[in-house]
Each structure stands twice: as structure tokens, then as C-alpha cells.
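For reference, the chains in residue letters:
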Amino acid sequence: MRPDTVAIHAARDGLGEAHVPPIDLSTTYKTPDLPDATQSIDAMAAGGLPTGSSVYQRLFNPTVDRFERALATLEGAEAAVSYASGMAAVTAALLAAKMVGNHVVAVRPLYGGTDHLLASGLLGLEVSWATPETVADAIRPDTALVVCETPANPTLQLVDIEAVVAAAGDVAVMVDSTFATPVLQQPIRQGATIVLHSGTKFLGGHGDVLAGVLATNEEWAARLRQVRILTGGNLHPMAAYTLHRGLQTLPVRVRAAQDNAIKLAERLMQHPSVARVRFPAAPGCDPHGLVGRQMSGPGTMISIDLAGGYDAARNVMSTVGIFTPAVSLGSTDSLIQHPAGLTHRIVGEDAQAEGDIGPSLLRLSVGLEDLEDLWHDLASALETASPMAAK
Ligand SMILES: *Cc1c(COP(=O)(O)O)cnc(C)c1O
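Since this is a predicted model, take the numbers as computed values, not measurements. (Residues numbered from 1 in each chain as written. Predicted model: local features only at pLDDT ≥ 70, side-chain atom pairs only at ≥ 80, totals over all residues. Heavy atoms only, no water.)

This paragraph deals with the packing of aromatic side chains. Under the criterion given, the structure shown has zero aromatic pairs. Over the ring of Y83 we find R228, and its NZ or CZ is 5.9 Å from the ring centre. (Phe/Tyr/Trp six-rings, centres within 6.5 Å; stacked < 30°, edge-to-face > 60°. Lys NZ or Arg CZ within 6 Å of the ring centre and 35° of its normal.)

And the structure:
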């Protein structure tokens, strides 16, 4: 089956006469056969799936399991393990890495929360910051994981996953693929070991569910399930149902939003209020030629630097009508936000400077509205952002 069919039909087995999967909300499961339940709990404590009774929702839930199997299939992974948010998934991956070694190599730029978690030292991991070029030199005997993100947030820089995997050698590479979705990129094909998604974004796709998920091999999935059993942070079954449903329209949504984004980026490049457009299909933004090779298209996210600086950015945020001025992304509707003032406020000034995340930068998540309506909204807001208007 091809990806569009997989997105709709994955993990819909064993439904009996029902057309859509049921939502199982039980927090506990019957254990009338004690030896059977004990064996099952042993299997789950070792990071496996239940062999009999599911025992307790923090250990296993069939609705959550369906979403995980569907996502794993879309990513070409052996398994997936989900969490209550993207950051819970990042935390679980780092705790699972601690079972292997105490050192992590992190390639900037990363999502603000991931950057801050790594920099804070909260989890007691040693972190070496690297660029794709310096990953090989940063690897140590106790390195458990290399963390990178492509396209990166909010700069939309692309990282060559194959090159990072080669530089990492035997060390597992985790790719935050939230911006790409499995529709545009499947990092496991490039040799990555773990693929991270904030399910809050495109997978749910309607701005109404918080989630995180890691697609990976059985060895890491076992560690990740163990971490989940020990620390909680489980995905709620209602959220899992919503995500599984969201996957059905994911390919259609991503392609339609991408079509809008390609045309908006072209027009933004011509606009006098816009000093620079950061978009994987814009000139100079893809020096390694990864669009077409690693990613099937440039995606739905655009960042723009305004000629009028911070005041212009602030004016655009307060003037847009169809675009919602709000953080987050990947929803059916279009959003616009100011990374330096909002999502990346929490990261250090050095990380902001490295990513060139300045006061004039705005990040757009392009949705499914009519292209001309979106352009009219943006163009009107940009009127308030001309260097003249900002004075
Ligand atoms: C939103 C986001 C996260 C964190 O996910 P939450 O669901 O908000 O916890 C991680 N990485 C990227 C790229 C994101 O956009």
C-alpha cells in the first residue's frame, strides 16, 4: 500500500463489525487469571507488549496502541511510543538515552523547549553542542544519542540526516521531524534511529490535542516504554483516538498547505516590507539540495525577516485577521508568531544569535484557507510593516 492508503487504513485491524476503532478509557483491566497477569506485567516491565491482561493504563492501552502502530507504519519504523506532549517525548528519549550512556550531542538550532531542557542540565546528562560538521568530533565512548531537527524551528534550515548518521557512527540519531511530518520525510530511511513528532502539530492537525510520539526500532521502543511506565506522561486514549483519526487526512492536509506555502513564499519574496524569506524552496535556503532527496517538498512553514524590524513585526501580529497571532503550527488554519518574543524567548541569547533569530523575524504556519484570502490578509498586514509605517 502507498502512503495515502496507509494513512487511512493503518491499525484498523480487529474491529469486528465496527467501522471506526473504539475508544478504550479503562484505567485498569481485569486480572482473573493471576499467573497470566503476572507474566504479562513481567513482559511490559521489560519494555514489551502485554502477553495477556493489559493490567493498567499506564502500562498499555489499546486505543493508544492503535495510534502508535499507525504512526510507526507511516514512518517505516518497527514501533512507536507516545506521550502526553512533544516535550514529554523528548524527556523520555533523553532518559532512555541515559540507560545507554550519559552524554548527548545536540545539533542546533533545536526547538526552544528541547534546547532549554538540554541546556538546563535538569536530567543530569552531559551535552555537547555541535553543528552537522562537528558531530563526528563531539562523539565520545559514552555518547548515547545525537539529537537534531530538520527542518529546524524557526529558521527552516535543513540538516542532512544521512551526513549526521554517518558522522554519528554507531551512536543512535534522533531527528525531530515535526515540521516535515511522515508525508514529506521519513528519517528512518536516511538511517536515523528515532523520529520525534510533537503530535500537537500536524498529526492532530486541528489545534485541539497535545501529544508527542517517537517512532523507532524495538530495542529503543523497549527502553522508551520502560521510561513511560516509570515516569508516566502517557498519552490519553481520547487524544490517541483524535491523532489516529488525524492521520487519515495528514497527506491531503500537508500537500494542500504546502501548495499554499509555496505560492505565499514566492509573493513574500517580492514584497518590499520583507527583507528575507526563509523557506526550503527559497533561493539559498537549501545549499545541500535536500528538497527532492531527503524531503519530498519544502513544507508548510515560512519564516520572514521584516525590513521594519521589531515594530513592523509587532504591527503585523496585531493587524492580521485570518492568520491567528499564536504559537504552535500544523493546524488547518494559518498561524503567525514572533520567535524571539515567544517560542524562543526561553533559549539563551547565544542560541538565538546562532540561529539568527532576531527581533524582525516572524514565523508563519500556512494552513488550508483560500490562497488569495491568505495573501490579502498578509499583504494588508504588511502595509503596516513597511519601514515607512513603522516610523
Ligand atoms: C511543538 C514542538 C515540540 C514540543 O511539543 P509539545 O507538544 O508542545 O510539547 C518539539 N519540537 C518541535 C519542532 C515543535 O514544534
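With mixed pairing, the five strands of this open sheet are ordered in space as 8-9-12-11-10. Single-partner strands in this sheet number two, and they are strand 8 (274-278) and strand 10 (324-325). Note that strand 8 and strand 9 (residues 301-306) share four bridges and pair antiparallel. Residue pairing across strands places R278 opposite S303, the latter belonging to strand 9. The sheet contacts of helix 10 (residues 237-270) involve strand 8, strand 9 and strand 12 (361-365), and relative to strand 9 the element is tilted by about 15°. (Pairing = 2+ DSSP bridges. Helix = DSSP H or I, 4+ residues; strand = E, 2+ residues; numbered from the N terminus. Contact = heavy atoms within 4.5 Å. Axes fitted to C-alpha atoms, helices over the stretch in contact; angles between N-to-C directions.)

Let us look at the environment of P62. Relative to the helices and strands, P62 resides in helix 3 (residues 62-75). Along the chain, P62 and T216 lie 154 residues apart, while their C-alpha atoms are 19 Å from each other. Leave out the neighbours within four places in its chain, and P62 touches D24 and Y29.

This brings us to the site of the ligand. Around the ligand, 13 residues are found, and the nearest of them are G86, M87, D176, T200 and K201. Contacts to the ligand include M87, whose backbone N or O atom sits 2.8 Å from an oxygen atom. In the environment of the ligand, an oxygen atom lies 2.6 Å from a nitrogen or oxygen atom belonging to the side chain of T200. Residue composition of the shell around the ligand, by class: five nonpolar, five polar and three charged. (Near = heavy atom within 4 Å. Polar contact = N/O pair within 3.5 Å; in protein donor to acceptor, adjacent residues only side chain to side chain. Nonpolar A, V, L, I, M, F, W, Y, C, P; charged D, E, K, R; others polar.)

Below, the discussion takes up the packing of helix 4 (residues 86-98) against helix 9 (residues 218-231). Direction vectors running N to C along helix 4 and helix 9 enclose 110°, while the axes themselves pass 9 Å from each other. Here helix 4 is positioned roughly perpendicular relative to helix 9, judged by the angle of their axes. As helix 4 packs across helix 9, the resulting crossing turns out to be right-handed. On the side of helix 4, the interface is formed by A92, A93, L95, A96 and A97, while helix 9 contributes W220, R223, L224, V227 and T231. Counted by class, the contact of helix 4 with helix 9 contains eight nonpolar, one polar and one charged residues. (Parallel < 35°, antiparallel > 145°, perpendicular 65-115°, else oblique. Left-handed = near helix turned anticlockwise from the far one by under 90°.)

Moving on: the sheet that holds strand 5 (residues 172-176). Reading across the sheet, the seven strands line up as 1-7-6-5-4-2-3 and stay open at both edges, with mixed pairing between neighbours. If you trace the sheet from one side to the other, it starts and ends with strand 1 (79-83) and strand 3 (126-130), each paired once. Direction aside, neighbouring strands of the sheet carry axes that sit 20° apart on average. When strand 4 (residues 143-149) meets strand 5, the two strands line up parallel, connected through five bridges. When the sheet's bridge partners are listed, C148 is paired in strand 5 with V175.

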